Structures are given as C-alpha cells and as structure tokens.
Amino acid sequence: MSFLTSMFKTEKPVIGMLHLRPLPGDPLYYPGGSVSQVVEAAKRDLEALQQGGVDGILITNELSMPYEQHVSPSTLASMGYVIGALSHDLSTPWGAEAIYDGDATIELCAAVDAQFTRCNFCGAWAGDLGLINRDFAHTMRRKAALRLDDFKLFHFITSEGEVYLNDRTTADIADSLLFNCLPDAMVISGSAAGRGASGELADEVRERVGEVPVVCGTGCRENTVADVFAHYDGAFVGTCLKRDGKLDAPVDVERVARFMAAARTARGE
C-alpha cells in the first residue's frame, strides 16, 4: 500500500486538474484580464470538480503559455492570492504546481500549505522553449529548509513538450531516478495535455521501480480509464473534464461525474 491510499483514500486516485485562467504578466491575460475573474472561474471549476467526485485536485497555471523556465514573482504572487481565495472551499486533498519550475513550485506549495505537487524536477531537457537543466539537489534542500516533511512529489519522467538529453530508455531513467532522487511517485505523460500516455511504457517502468506509484499524466478519458488503471496507479485528468473537451473551457460537472462513475467501475467499487 502506497501513500496514495492514506492521502486519497484509494490506490488509484483520479486527480482533477484545476487550470487557472491567464494571470497578470501572461501574454493571454491581456486585454481585459483581472485577478477577480481568475478567482471566480477557479471557484466554479473547484465546485464542479468536488461535486463531480474527484479524489484529489492539482491547481496549476496551465494557461500561462508560453511557460517560464523560472516562474516570475508576479505569477507566484497571483497563484498564492487565488489559492488563498479558494482555501475555505477546498475539501478534497489538493496540491499546486507552478509550471514548469520545480523550485518555484516548492516555494508556492510551502506558502499555500499544499499537500503534493508534480513537476519536471530532474534532468536536462530540450524543447520549443529552449534548454532546461534542473538542479534537484537544490530543490530538495529548499524542501528540507521549508520543512515540507510530509509533502509528496510526483516526478515527471517523460515531458509533454521536451525530450530528455541522453540516450537512455525511460525505464533506465526511472531506475536511476529511484536511486538518486527518492521520488514519492512517477508520472508518465503523452506529448501534450489531453494526449494519452503509453500503457506499455508504464509496465516497463513499473518493473524497475517496485512499489513506487506510476501515475498517468495526460490523456486519460472516460472511455479509456479502465485500460489506464490496468497499467497505472492513478491519473491526473484535465482536458476531458472541460466543456466540449477543450483545454481553455470551464470544468463541466456532468463530465466529471460520468468520468468518476467510469473510474469507480474500473476500480471495482
């Protein structure tokens, strides 16, 4: 039994994504943006996710495209403000992520008292936004200094938009990550939000990492959740819970409820 059971009350949790609207400083924030509008949209999405029955929630700045390698203070301040406005309504285990800056994510989560996060914490990557080189030793020392002793880290071992800068297999990367970085869980994603992750790859990784949970990062849908759960220990779910299945649309409570009904059936509940 992993920490997933104690945190989410199930070994195969569905963690619903709460994507914040564009924030101050983001290119898509202008014209006409306001933080109050971001808060109101987030409250509506939170209500839909919780009413629909997800097992957990991850709050992210998903619409802060193009993403920053070093998330700006204005973004972190805005995320902290919005999460603070949601705090009294959060009744589900929840986390936060400042895409895609592991150090900024740790600082944010310490400030808002989040329970978990996911991020590209480790490795060197290349993609549309340039070269990314993570210093995970520094990240873990910030985590220790901030006394996030029970805080859980879900590590991406594949990336939605980047490639790892070496010729090792994903299973080999997971194996070395297990030794060097002691991840709480590992996340395998597809090539972008809403695009499915490989079940076969999850099986290969699982053979190498033992009891560490392997979670689907993208692309899990109502009609695929049973197959996803056959390979993975849970899933982060976002796009398919939105109105018309569009990334920038509001969360649709009926879609959430249907998805969770399918997930409970797949879990044998």
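Here, the structure is the one placed above.
The structure displayed is predicted, hence computed values, not measured ones. Starting from 1, residues in each chain are numbered consecutively following that chain's sequence as written. Residue-level local features of this predicted model are given only where pLDDT is at least 70; pairs of side-chain atoms are given and counted only at 80 or more, and the full residue set underlies all totals for whole chains, interfaces and linings. Note that water and hydrogens are dropped before the side-chain values are worked out from all heavy atoms of the structure.

Draft legend 1. Structural context of the environment of Tyr 81. The residue Tyr 81 is located in helix H3 (residues 73-86) in this model. To sort residues, take the accessible area from a 1.4 Å probe on protein chains only and compare it with the maximum for the residue type: under 20% means buried, over 50% means exposed, and anything in between is partly exposed. Take Tyr 81: its relative accessible area is 54%, and that puts it in the exposed class. For the pair Tyr 81 and Pro 31, spaced 50 residues apart in the sequence, the C-alpha separation amounts to 21 Å. In contact with Tyr 81, not counting residues within four places along its chain, are Val 35 and Val 39. Each helix corresponds to a stretch of at least 4 residues labelled H or I by DSSP, and each strand to a stretch of at least 2 residues labelled E; elements are numbered beginning at the N terminus. Contacts are assigned to residue pairs that have any heavy atoms within 4.5 Å of one another.

Draft legend 2. Spotlight on the pairing of strand S3 (residues 94-97). Here S3 shows no split at all, with Trp 94 and Ala 96 on one side and Gly 95 and Glu 97 on the other all buried. In the sheet, strand S2 (residues 56-60) pairs with S3 via four bridges, with the strands oriented parallel. When the bridges of S3 are listed, Thr 60 appears paired with Glu 97. Taken together, S2, H3 and S3 form a β-α-β motif whose crossover is right-handed. Think of it this way: DSSP has to see at least two bridges between two strands before they count as a pair. When the strands point away from the viewer, a crossover counts as right-handed if the route from the first strand across the helix to the second turns clockwise.

Draft legend 3. Local environment of the sheet that holds strand S5 (residues 124-127). Spatial strand order, S6-S5-S8: three strands in an open sheet with antiparallel pairing. Each having just a single partner strand, strand S6 (130-133) and strand S8 (162-164) make up the two edges of the open sheet. Adjacent strand axes in the sheet meet at a mean angle of 25°, parallel and antiparallel pairs treated alike. As judged from the four bridges shared by S5 and S6, these two strands associate in the antiparallel manner. Residue pairing for S6: Ala 124 is matched across the bridge by Asn 133. Interaxial angle, 0 to 180 degrees, is taken between N-to-C directions of lines fitted to C-alpha atoms, where a helix line uses only the stretch in contact.

Draft legend 4. Local environment of a negative patch on the surface. Patch building starts from residues that exceed 30% relative accessible area and form no salt bridge, then joins like charges within 9 Å and nonpolar side chains (Val, Leu, Ile, Met, Phe, Trp, Tyr) within 5 Å. With residues, only the protein chains shown are counted as cover, and all accessible areas are computed by Shrake-Rupley using a 1.4 Å probe. The term salt bridge refers to a pairing of a side-chain nitrogen on Lys or Arg with a carboxyl oxygen on Asp or Glu at a separation within 4 Å. Charge assignment: positive for Lys and Arg, negative for Asp and Glu; neither His nor the chain ends contribute. Where a charge lies is defined by one atom per residue type: Lys uses NZ, Arg uses CZ, Asp uses CG and Glu uses CD. Together, Glu 200, Asp 203, Glu 204, Glu 207 and Asp 227 line one region of the surface with negative charge. Mapped onto the fold, Glu 204 is located in helix H7 (residues 199-209). Taking the relative accessible area as the measure of exposure, Glu 204 reaches 43% and is therefore partly exposed.

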